[in-house]
Amino acid sequence: MHPTTTLPPGPYTPGADPDIDAWVTTFFLENHMDYFAYPGEVSTPEQVKFMVFLNEDERYFPCSEATFRETMNRAPSLYLKARYQAALDHILTLIEETIEAPDQRAYLARLIKIKYTHETRDEIMIPSRVEKRLLRIFLNRTHIADPFQEIKKRRNKKAETFLESPQFNHAFQGIDDTDLTPAHAMNQIRARLDHITIKRLLTLLTLPSIWNDASAHTEETNLTALFQKPITGDAATALFSFLGLPASGESVDPKERRTLLWLADESGEVIMDLAIIRYLVSHGHKVVVSFKAGPLFSKADILDTQEDPALTKALHGSFFIRSDTLTKNQLVDILRQESNLLILSDGSHEKLNLLLASTTFARLFKEVDCVIARGGEQKNRLFDTPFHFTQDIYSICADDHQVTIDFKPKHPQAIKFSHKDLERKAQVIIDGMREAKARKMAVSFYSGIIGSIPGKINVAKKIMSRFIAHLEEQFSKTHIINPCLYYEPGMDADDLMFMWEIVQRSGYIDIWRFQTYHDIVTTFQLMGEKVPPEWVGKDATYSTGCTKEMKIAMDVQKRHPEMQIIGPATEKFMRRRDYGIGKMYDQRLGTTRQVL
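Residues numbered from 1 in each chain as written. Predicted model: local features only at pLDDT ≥ 70, side-chain atom pairs only at ≥ 80, totals over all residues. Heavy atoms only, no water.

Helix and strand counts for the protein chain stand at 24 helices and 14 strands. Seen along its three principal axes, the alpha-carbon backbone of the protein chain occupies a region of about 85 × 70 × 45 Å. Counting all 596 residues of the protein chain, 51% fall into the buried class. Put simply, 72% of the contacts in the protein chain that link residues at least 6 apart link residues at least 24 apart. Here the protein chain has roughly 27,400 Å² of accessible surface; of this, 53% comes from carbon and sulfur atoms. Between the averaged position of the 74 positive side-chain charges in the protein chain and that of its 79 negative side-chain charges there is a distance of 5 Å. (Helix = DSSP H or I, 4+ residues; strand = E, 2+ residues; numbered from the N terminus. Buried < 20%, exposed > 50% of the residue type's maximum accessible area, 1.4 Å probe, protein only. Contact = heavy atoms within 4.5 Å. Areas by Shrake-Rupley, 256 points an atom, 1.4 Å probe, with all protein chains shown as cover. Lys, Arg positive; Asp, Glu negative; His and termini not counted. Charge placed at Lys NZ, Arg CZ, Asp CG, Glu CD.)

This brings us to the packing of aromatic side chains. We describe a pair of aromatic rings using the distance from one ring centre to the other and the angle between the two ring planes. Inspection of every chain in the model, using the stated rule, returns 20 aromatic pairs. Ring centres of Phe 172 and Phe 227 lie 5.9 Å apart, and the angle between their planes is 80 degrees; this geometry places the pair in the edge-to-face category. In this pair, Phe 172 sits in helix α8 (residues 166-173) while Phe 227 sits in the loop between α11 (223-226) and β2 (231-232), placing the two residues 55 residues apart along the sequence. A residue is classified by how much of its surface remains accessible, and Phe 172, at 14% relative accessible area, is buried. Aromatic side chains Phe 514 and Phe 573 sit 5.6 Å apart centroid to centroid with 70 degrees between the ring planes, which places their arrangement in the edge-to-face category. Placement of Phe 514 in strand β13 (residues 511-514) and of Phe 573 in the loop between β14 (564-566) and α24 (590-595) is noted, with a sequence separation of 59 residues between them. (Phe/Tyr/Trp six-rings, centres within 6.5 Å; stacked < 30°, edge-to-face > 60°.)

Core analysis: the biggest nonpolar cluster contains 69 residues, and Phe 27, Met 51, Val 52, Tyr 60, Leu 261 and Phe 361 have the highest contact counts within it. Other than its neighbours up to four places away in sequence, Phe 27 contacts Met 33, Phe 61, Cys 63, Phe 68, Thr 71, Met 72, Ile 124 and Ile 126. Among the nonpolar cores identified, the runner-up in size contains 54 residues, and Phe 168, Leu 260, Ile 271 and Leu 280 belong to it. (Core = buried A, V, L, I, M, F, W, Y, C linked by side-chain atoms within 4.5 Å.)

Take the pairing of β13 next. Side chains Trp 512 and Phe 514 of β13 all project onto a buried face; the interleaved residues Ile 511 and Arg 513 project onto a face where none is buried. Inspection of the sheet shows strand β11 (residues 442-447) paired to β13 by four bridges, in the parallel sense. Its bridge partner being in β13, Ser 444 is matched across the sheet by Ile 511. Here three bridges tie β13 to β14, and the two strands are oriented parallel to one another. When the sheet's bridge partners are listed, Ile 511 is paired in β14 with Gln 564. (Pairing = 2+ DSSP bridges.)

Another aspect to go through is the environment of Ala 66. Inspection of the secondary structure assignment puts Ala 66 in helix α3 (residues 65-73). Overall, the relative accessible area of 40% leaves Ala 66 in the partly exposed class. With 14 residues separating them along the chain, Ala 66 and Leu 80 place their C-alpha atoms 9.8 Å apart.

All right, on to the packing of helix α7 (residues 149-164) against helix α13 (residues 269-282) then. Interhelical geometry of α7 versus α13 gives an angle of 45 degrees and a closest axis separation of 7 Å. Overall, the two elements α7 and α13 adopt an arrangement that is oblique. Across from Asn 156, Ala 159, Glu 160, Phe 162 and Leu 163 in α7, the residues of α13 making contact are Val 270, Ile 271, Met 272 and Ala 275. Of the residues assigned to the contact of α7 with α13, the class counts are seven nonpolar, one polar and one charged. (Axes fitted to C-alpha atoms, helices over the stretch in contact; angles between N-to-C directions. Parallel < 35°, antiparallel > 145°, perpendicular 65-115°, else oblique. Nonpolar A, V, L, I, M, F, W, Y, C, P; charged D, E, K, R; others polar.)

Structure, rendered in structure tokens:
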């Protein structure tokens, strides 16, 4: 390697040095994490912003800051070499333990070493990405779907057996007067018992012999002493209070129910996780458990939830989210269901890589009340990084001595519009429509292009507002809803469609007007300007949102036949289908955006 300019201290800012910019781009290309090079696998920048709070010029990398800086230094790195070697050793051990035929074993080992040398030569690869590529070679060459399947099943079965054992249940239910101090009233005693229960379940994470193959005899373990292990960390008290399980026995609001995204980690301990989660669900919380999309060593993956008897039993009665591409409306419908235990895949075969996460996972990340990350590797990706996220994150890690709970608050400027927030905003608009009706006014809704021409949102809002002002000058006693007045920074197209559909189906609209090309021409005439080329020939049929709204309008008109629909012919609303994820324009315009 021939180092030139190295990354300076502090945040990386593109544009300061072309040499550094090129090396950073190479980093993303070599790790197969560049959206423009791998659009089918890597999330759009807009989707990443569902989860990661990024300034305009920032680019998220899914590794610790230490790892990123070592790859940027372009000098031999002992830090990277050690981690690369650990990845290689992991795969070579897998080959040694799995492949019986000497010739095949020697061939695979040599192949892995050749690929390893190639991948690590420039020391620009993230170590976990190297490990994943080597594992993929092993899986593809051996046709072994999951070499750790039986190990994972044994771990989960052993954990299940432990939780069902009379010894555990006797110790778990045991209590004395000192455990209830300082509770006095019945509601305080109940709250104190709730806290003791969750604390005891958490302490099970400190005893891996419960699920590990080479374990000590758990029957001889002093479970009473186990339950006394400390729950430490700067966020332990905060998490218990957040979940309504404070240590003090103080009274909590029973209506305060949370929606959590729980990032599962290792097999075996995932059974303990689910015991904790079941208890949270029994208190009314809704928990979405995220598994890996496919085999990744001993990590719990979504295939295990179908094929592992112990895990299947632990998830009995849960609701599985099958689609990786849910819209906000679809996701909200699922979250409103009675089931408080939901299961999904994060869309990746990685320890945690938000660049490769599914759309559904990204939307859930944005929608929930907090994220709970299990294990040190996921904590490393979320805490040992310069980035902040759009969601509060708790980390739960355990060693032989204690459970540690840490907290990373969401970025103070992160804007979140939950479905409840959007429902409240919609209700305010509906209340205004109702009041207008009470004053004998006609209610008109205007649908037009806002975000469908990339980079022209402000111009589109100006056109719409000017034309609606023109209509208001012409019409008396007419309440015209101008959608662009209700747009707020942080809203994506699905947020807006979710809010507006509530308004549009309220039954208060008398006239639903869709923007025509004549409207656009009239507006530019009113502004004393010529129509720019990108607006020539455009009307509501060019808009993805308007296309969706025309379908809603026709459905509403069936229930309210007196409502008028004005605008382009309905059969012309055919060219637009779905928004690009996180975008304000149709997904099929993505190529146009790149060219522009």
